Amino acid sequence: MDITPPKDTRTVRLVFGLSPLVLAAVLGYFVSVILVMGSAACMGGQQALICSPRIQSWVVWLPIGGAAAGLLTGGLLGYRSIKHDKPVAQAIGTGWMMWVLAEMLAVIMGTT
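Given the structure is predicted, the values throughout are model-derived calculations rather than measurements.

**Student:** Break down the overall build of the protein chain for me, citing the residues and quoting the values.
**Tutor:** Each helix and strand counted, the protein chain has four helices and zero strands in total. For the protein chain, the N- to C-terminal ordering of α and β elements is α-α-α-α. Within the protein chain, the fraction of its 112 residues that count as buried is 32%. Put simply, 80% of the contacts in the protein chain that link residues at least 6 apart link residues at least 24 apart. In the form shown here, the protein chain has an accessible surface area of approximately 7200 Å², with 73% of it arising from carbon and sulfur atoms.

This is the structure we're talking about:
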């Protein structure tokens, strides 16, 4: 008894599993902008990491880059999974994990 879903169902699952990453990129961008704007207390000799303009731009753009990398990686892994008749859940999870790691890195950089 084969319980593997048909290829077209897996393609739909992959698209619906990864497409919210676009919204996650927008949400992550606004959270990062709030972190950067919240760093307005950087006066004079502040040694906080977020007070550096280079770090501020990293904090703003990391979530978008993480979402793009997640879409690309998840899509490629999903394509490979569909091609080899395997489920796409691991590809979707990998794509989301890339965004989560980028967002966590942005938050850590923005709060230290």
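**Student:** If you had to explain the nonpolar core to someone new, which residues and values would you point to?
**Tutor:** In terms of nonpolar packing, the biggest core is built from eleven residues, these being L14, L18, L21, A24, A25, A67, I82, V88, A91, I92 and W99. By size, the runner-up hydrophobic cluster in this structure holds nine residues, among which are L35, I55, L62 and A106.

**Student:** Please set out the layout of surface pockets residue by residue, giving values where relevant.
**Tutor:** Over the atoms, a rolled probe matching the size of one water molecule traces out where space is still vacant. Estimated volume of the largest pocket: approximately 180 Å³. L77, R80, S81, H84, K86, P87, Q90, A91 and T94 are the residues that line the largest pocket. Elements represented by at least two residues in the lining of the largest pocket include exactly α3 (53-83) and α4 (89-111). Per-class residue counts for the lining of the largest pocket are three nonpolar, four polar and two charged.

**Student:** Please provide a residue-by-residue account of the packing of aromatic side chains, values included.
**Tutor:** Both the distance between ring centres and the angle between the ring planes are used here to describe each pair of aromatic rings. Tallying each qualifying case throughout the model produces three aromatic pairs. When the centroid spacing of 5.7 Å and the interplanar angle of 50° are considered together, the rings of Y29 and W61 count as tilted. One end of the pair, Y29, is in helix α2 (residues 20-37); the other, W61, is in helix α3, with 32 residues separating them in the sequence. Taking relative accessible area as the criterion, W61 reaches 54% and is therefore assigned exposed.

About the thresholds
- Residues numbered from 1 in each chain as written.
- Predicted model: local features only at pLDDT ≥ 70, side-chain atom pairs only at ≥ 80, totals over all residues.
- Heavy atoms only, no water.
- Helix = DSSP H or I, 4+ residues; strand = E, 2+ residues; numbered from the N terminus.
- Buried < 20%, exposed > 50% of the residue type's maximum accessible area, 1.4 Å probe, protein only.
- Contact = heavy atoms within 4.5 Å.
- Areas by Shrake-Rupley, 256 points an atom, 1.4 Å probe, with all protein chains shown as cover.
- Core = buried A, V, L, I, M, F, W, Y, C linked by side-chain atoms within 4.5 Å.
- 1 Å grid on protein atoms, 1.4 Å probe; cavity = no way out; pocket = protein on both sides within 12 Å on 5 of 7 lines; lining within 4 Å.
- Points joined across faces, edges and corners; volume = space filled by probe spheres on them.
- Nonpolar A, V, L, I, M, F, W, Y, C, P; charged D, E, K, R; others polar.
- Phe/Tyr/Trp six-rings, centres within 6.5 Å; stacked < 30°, edge-to-face > 60°.

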